[in-house]
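# Structural features, examined
Listed below are the residues making up each chain.
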Amino acid sequence: MPSPSLFFAQLFNGLALGSLLALVSAGLTIILGTLGVLNFAHGAMFMVAAYVAWWTMVATQSYVLAALAACAVLVVLGMIIERGIIQFYYSRPPEDQILVTFGIGVVLVEVIRVIFGGISHSMPVPDWGSGIVNMGFLIYPKYRVLALGIIAVALLALYLVLYRTRLGLIVRAGIEDQRMVGLLGINVKRTFLAVFALGSLAVGFAGAVYAPIIAVNPEMGEQLLVQSFVVVVIGGLGSFPGAVIGGLIAGEILTLTTMFNPAYSHVMLYLAMAVVLVLRPQGLFGVEGRE
Amino acid sequence: MSLLEVQGINSHYGDSHILFDVDMRVEANEVVALLGRNGAGKSTTLKSLMGVVTPTRGQVRFDGQDVAGRPPFEIARRGMQLVPEERRIIGTLSVHENLKLAALSAGRDAWSFERVYEFFPRLQERRRSRGKDLSGGEQQMLAIGRALIRNAKLILLDEPFEGLAPIIVRDLMASCQQLAREGQTFLVVEQNVAAALRLADRCYLIENGHMVYEGSAEALRDSPEVMDRYLGV
Ligand SMILES: Nc1ncnc2c1ncn2[C@@H]1O[C@H](COP(=O)(O)OP(=O)(O)OP(=O)(O)O)[C@@H](O)[C@H]1O
Ligand SMILES: [Mg+2]
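None of the values given here were measured: they were computed from a predicted structure.

Here we come to the sheet that holds strand β6 (residues 80-83) of chain B. Residue and element names in this part refer to chain B. Here we have six strands laid out as an open sheet, ordered β6-β7-β8-β3-β9-β10, and mixed in their pairing. Of all strands in the sheet, those with a lone pairing partner are β6 and β10 (210-216), marking the two edges. Going across the sheet, the axis of each strand differs from the next one's by a mean of 15°, ignoring polarity. As judged from the four bridges shared by strand β3 (residues 31-35) and strand β9 (residues 202-207), these two strands associate in the parallel manner. Bridging from a neighbouring strand, Leu34 pairs with Tyr204 of β9.

With that settled, the discussion passes to the site of ligand 1. Residues and elements named next belong to chain B. If you check the shell around ligand 1, you find 13 residues, and the closest are Gly39, Lys42, Ser43, Thr44 and Gln191. Measuring from an oxygen atom of ligand 1, one finds a side-chain N or O atom of Gln191 at 2.6 Å. Contact with the protein chains covers 59% of the free accessible surface of ligand 1, which is 630 Å². Of the residues forming the shell around ligand 1, the biggest block, three residues, is contributed by helix α1 (residues 42-50). Across the shell around ligand 1, the residue classes tally to three nonpolar, six polar and four charged.

Glancing now at the packing of aromatic side chains. Going through the model one piece at a time under the given rule, you end up with 15 aromatic pairs over all chains. When the centroid spacing of 4.6 Å and the interplanar angle of 75° are considered together, the rings of Phe12(A) and Tyr140(A) count as edge-to-face. With a gap of 128 residues between them, Phe12(A) in helix α1 (residues 4-35) and Tyr140(A) in strand β2 (residues 139-141) connect regions that are remote in the sequence. When its relative accessible area of 4% is taken as the criterion, Tyr140(A) is described as buried. Judged by centre distance (5.8 Å) and plane angle (85°), the rings of Trp111(B) and Phe119(B) are edge-to-face. When its relative accessible area of 10% is taken as the criterion, Trp111(B) is described as buried. Here Arg115(B) stacks its cationic end above the ring of Trp111(B), 3.7 Å away from the centre of that ring.

Evaluation of the coordinates by the stated rule reveals 19 salt bridges over all chains. Salt-bridge contacts for Asp96(A) lead to Arg92(A); the nearest nitrogen and oxygen are separated by 3.0 Å. By relative accessible area, Asp96(A) is classed as partly exposed at 24%. A salt bridge links Glu30(B) to Arg202(B); the nearest nitrogen and oxygen atoms lie 2.6 Å apart. Placement of Glu30(B) in the loop between β2 (16-26) and β3 and of Arg202(B) in strand β9 is noted, with a sequence separation of 172 residues between them. Under the relative-accessibility criterion, Glu30(B) is labelled buried at 10%.

Moving on, we get to the UniProt feature "transmembrane region" (unreviewed entry) in chain A. Residues and elements named next belong to chain A. Feature annotation in UniProt assigns "transmembrane region" (unreviewed entry) to the following positions: residues 6-30, 37-57, 63-86, 98-123, 143-162, 192-213, 225-251 and 263-281. Segment residues 6-30 splits into 100% helix and 0% strand. End C-alpha atoms: 36 Å apart. Helix makes up 92% of residues 63-86 and strand 0%, with an end-to-end C-alpha separation of 32 Å.

All names here are of chain A. Among the structural elements, Asn217 can be located in the loop between α7 (189-210) and α8 (220-235). The exposure class assigned to Asn217 is buried, which follows from its relative accessible area of 15%. In terms of polar contacts, Asn217 uses its side chain to reach the backbone amide nitrogen of Met220, at 3.0 Å. The residues touching Asn217, leaving out its near neighbours within four places in the chain, are Met47, Tyr51, Gly118, Ile119 and Ser120.

This next bit is on the pairing of β10(B). Residue and element names in this part refer to chain B. For β9 and β10, the ladder comprises six bridges, and the chain directions are antiparallel. Within β10, the position partnered with Ile206 by the bridge is Met211. The antiparallel hairpin formed by β9 and β10 contains two residues in its connecting segment, where Asn208 sits at a positive phi of about 45°.

Here the focus is unusual backbone geometry. Residues and elements named next belong to chain B. Notably, Arg87 is not glycine yet its phi reads approximately 70°, a positive angle. Mapped onto the secondary structure, Arg87 falls in the loop between β6 and α3 (95-103). Judged by relative accessible area, which is 11%, Arg87 ranks as buried. Not every positive phi belongs to a glycine, and Glu159 is a case in point at roughly 45°. As for its position among the elements, Glu159 is in the loop between β7 (154-158) and α7 (166-181). For Glu159, a relative accessible area of 5% translates into the label buried.

At the junction of the two partners, chain A supplies 19 residues and chain B supplies 25 residues. Regarding the contact of chain A and chain B, the summed buried area is about 2000 Å², with carbon and sulfur atoms giving 63% of it. Among the residues chain A hides against chain B, the three largest losses belong to Leu169(A), Leu183(A) and Leu184(A). Together they make up 32% of the total. Counting across the chain A and chain B interface gives two salt bridges. In this structure, Arg172(A) engages Glu97(B) in a salt bridge whose closest nitrogen and oxygen atoms are separated by 2.9 Å. Linking chain A with chain B are 10 residue pairs in polar contact (both at pLDDT 80 or more).

Conventions used here
- Residues numbered from 1 in each chain as written.
- Chains lettered and ligands numbered in written order.
- Predicted model: local features only at pLDDT ≥ 70, side-chain atom pairs only at ≥ 80, totals over all residues.
- Heavy atoms only, no water.
- Pairing = 2+ DSSP bridges.
- Helix = DSSP H or I, 4+ residues; strand = E, 2+ residues; numbered from the N terminus.
- Axes fitted to C-alpha atoms, helices over the stretch in contact; angles between N-to-C directions.
- Near = heavy atom within 4 Å.
- Polar contact = N/O pair within 3.5 Å; in protein donor to acceptor, adjacent residues only side chain to side chain.
- Areas by Shrake-Rupley, 256 points an atom, 1.4 Å probe, with all protein chains shown as cover.
- Nonpolar A, V, L, I, M, F, W, Y, C, P; charged D, E, K, R; others polar.
- Phe/Tyr/Trp six-rings, centres within 6.5 Å; stacked < 30°, edge-to-face > 60°.
- Buried < 20%, exposed > 50% of the residue type's maximum accessible area, 1.4 Å probe, protein only.
- Lys NZ or Arg CZ within 6 Å of the ring centre and 35° of its normal.
- Salt bridge = Lys/Arg side-chain N within 4 Å of Asp/Glu carboxyl O.
- UniProt positions renumbered as here; feature names shortened; annotations may be inferred.
- Contact = heavy atoms within 4.5 Å.
- Buried area = accessible area lost by both parts, 1.4 Å probe.

Here it is in structure tokens:
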């Protein structure tokens, strides 16, 4: 049996991974729910954000600039991808959408590999985040604790956008019944660019905040992409609360299983997804959509 | 000039031809009923007016402009509002949010939330409830409330009384009659012919996608043989 302190450490690691998954999946799920496109480039976009943050941090020593740069680059990248490519695929079959977003992901990975090489980089932790905190039952790197708080604030901000703004109202309604939103005089297509940019911003911020915690390399987004697909399924397609709760559940399953046997962590995650699909096919917070 | 003038519209679902050269008109402040058997093409007619189904041929002049071929959101902004058969209340949004959504693109002289709540006090009581928790009658009130808050010039009601208890139907009927007295224009499709005739000034009968009769509500009430021929089972 693992010792209590290891257990608590893993619980906390689960929370850290879970909050990351929550933010990344939230971006993925609103894009999927609104645009109807499963964005296979989402993991690669996380990777690009981490590279931008790492590079800016090394160049300027400023964490704030690093985070801002990652967010700005990702919003612009997201807008270019939506206007330049994805908008032409809205009425195409899902296979085409998957292929084209998967292709975008491959291109991003290879471009980064050409520019920065295939090796891993590590982003320095900012001064205010270096050192450790002693929480009594657990000694934990300070930055990881702070990162948890920063992600929580980002999730809160995303919540406010979705639940307190005009755009958020249209997005939530459109995820359930886009045709009715149109019948009420709203041009839903005009929100697609904003939603893709918002999803890109979420994943960009996540990439910047997590860059000091994980190895920055071209493949860093691959596993995360698969894991966030599972989170979206568990939480329910298009559901923001589903992405948050699903992300935390997935984070804990992955890290707690790793404590016993890392080989089984993803198996357990898929098992959890299968159980949810059997008991609640629309996911924990999903609604049965129309059409 | 009529508020709505429809000339020779034809509509298809894929290869199946559903509407054949349908003509109709609706004057401002008028209540018009569109009646017909199951599958006659009533919903398709409403959808073709609203742009949900794009007519393959023909003209839909609404408020002086040809709207055939325009997307639903544009037609809605010009003041036509379909209240669909399935009501399509957004289940995850509250009653108030459903109204807010409808009001987003409404004109300046639209109804206020207070006025809608005054008109349907039940919605006021339920304003925080989620759409999916409403009863059928409450959903229908909200569906009509969404049209009111948009200040629609023409409201298309597709079977508003379907599946509702008689007492609810009576109340909703009274609400619609009051709106009609205040000058609201309706085009209503209803299986409940008696209810439709009580509400309407004028009627159309449609059969297999062809308009087969037009006349005042009284005239139709006094022609049991016409009703029998086109509506009887
Ligand atoms: N989405 C669709 N695809 C193909 N055919 C359809 C579709 N919707 C309706 N139809 C067909 O079009 C015809 C007219 O349907 P419509 O819904 O307009 O009838 P309706 O008069 O409203 O009938 P009801 O009283 O049952 O609502 C029917 O034969 C129906 O089967
Ligand atoms: Mg119908």
